[in-house]
Amino acid sequence: YLGHYEQFGQHHPQEVQIIEQGEKLIGWGHDALSPFELLGQLNGAQFSFEKKYCNLQQEAVVYSGTIQRHRWQGQWSLHSAQGSFSFAPVSTAMSK
């Protein structure tokens, strides 16, 4: 998947690979900060996961949202910081 997260009014690109195992989500990806891993839950069209950076000493970023027409979108949070995000399969993301 290709997409972005929003922070301080700016969009930051990220690339994500997600594997659905029933209601369990596992995955990995990278953005400008570092490679990361993710682990979470899927319940119908709703999901939540924790994004943990591999090379940074920080708590996991919590993502939650919905899947609509193959696009994953919602809100992320880390302590008091928060913002929106969106990502879609490469073919969908490239056509937008």
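Criteria and thresholds
Numbers given to residues run from 1 along each chain, matching the order in which its sequence is written. Totals for whole chains, interfaces and linings use every residue, but because this is a predicted model, local features are given only for residues with pLDDT of at least 70 and side-chain atom pairs only at 80 or more, for both listing and counting. Excluded from the side-chain calculation are hydrogens and water; included are all heavy atoms of the structure. To qualify as a helix, a DSSP run of H or I must reach at least 4 residues; to qualify as a strand, a run of E must reach at least 2; elements of each kind are numbered from the N terminus. Only C-alpha atoms enter the radius of gyration, while the globule expectation follows 2.2 Å times N to the 0.38, with N the number of residues. Only protein chains enter the area calculation, which uses a 1.4 Å probe; residues under 20% of their type maximum are buried, those over 50% are exposed, and those in between are partly exposed. Whether two residues touch is decided by their heavy atoms; if any such pair falls within 4.5 Å, the residues are in contact. All accessible areas in this document rest on Shrake-Rupley with a 1.4 Å probe, and a residue is counted as covered only by the protein chains that are shown. Charged-residue counts in this description rest on Lys and Arg as positive and Asp and Glu as negative, His and the chain ends being excluded. In plain terms, the charge of a residue is placed at NZ if it is Lys, CZ if Arg, CG if Asp and CD if Glu. Between the rings of Phe, Tyr and Trp (Trp by its six-membered ring), a pair exists once the centres lie within 6.5 Å; its type follows the angle of the planes, with under 30 degrees stacked, over 60 edge-to-face, and the other angles tilted. By the criterion adopted, a ring carries a charge over it if an Arg CZ or a Lys NZ lies within 6 Å of its centre and within 35 degrees of its normal.

Visitor: Is there a simple way to explain the overall build of the chain in this structure?
Guide: Along the backbone of the chain there are one helix and eight strands. What you see in the chain, going N to C, is helices and strands ordered as β-β-β-β-β-β-β-β-α. Computed over its C-alpha atoms, the radius of gyration of the chain comes to 12 Å, within 12% of the 12 Å expected for a compact globule of 96 residues. The dimensions of the chain, computed from C-alpha atoms along their principal axes, are 30 × 30 × 20 Å. Looking at the chain residue by residue over its 96 residues, the buried ones come to 31%. In the chain, once contacts between residues fewer than 6 apart in sequence are set aside, the share between residues at least 24 apart is 21%. Of the roughly 6000 Å² of accessible surface on the chain, a fraction of 50% belongs to carbon and sulfur atoms. One finds the centroid of the 6 positive side-chain charges in the chain at a distance of 8 Å from the centroid of its 8 negative side-chain charges.

Visitor: Help me understand the packing of aromatic side chains, please; the structure alone is not making it clear to me.
Guide: Remark: the centre distance and the inter-plane angle together describe each pair of aromatic rings, the angle taken between the planes. In the structure shown here, the tally under the stated rule is eleven aromatic pairs. Each member of the aromatic cluster is reached from another via a ring pair, and the members are Tyr1, Phe47, Phe49, Tyr63, Trp72, Phe85 and Phe87. Between the NZ or CZ atom of Lys51 and the centre of the ring of Phe36, over which it lies, the distance is 4.5 Å.

Any functional reading would require information that these geometric values do not contain.
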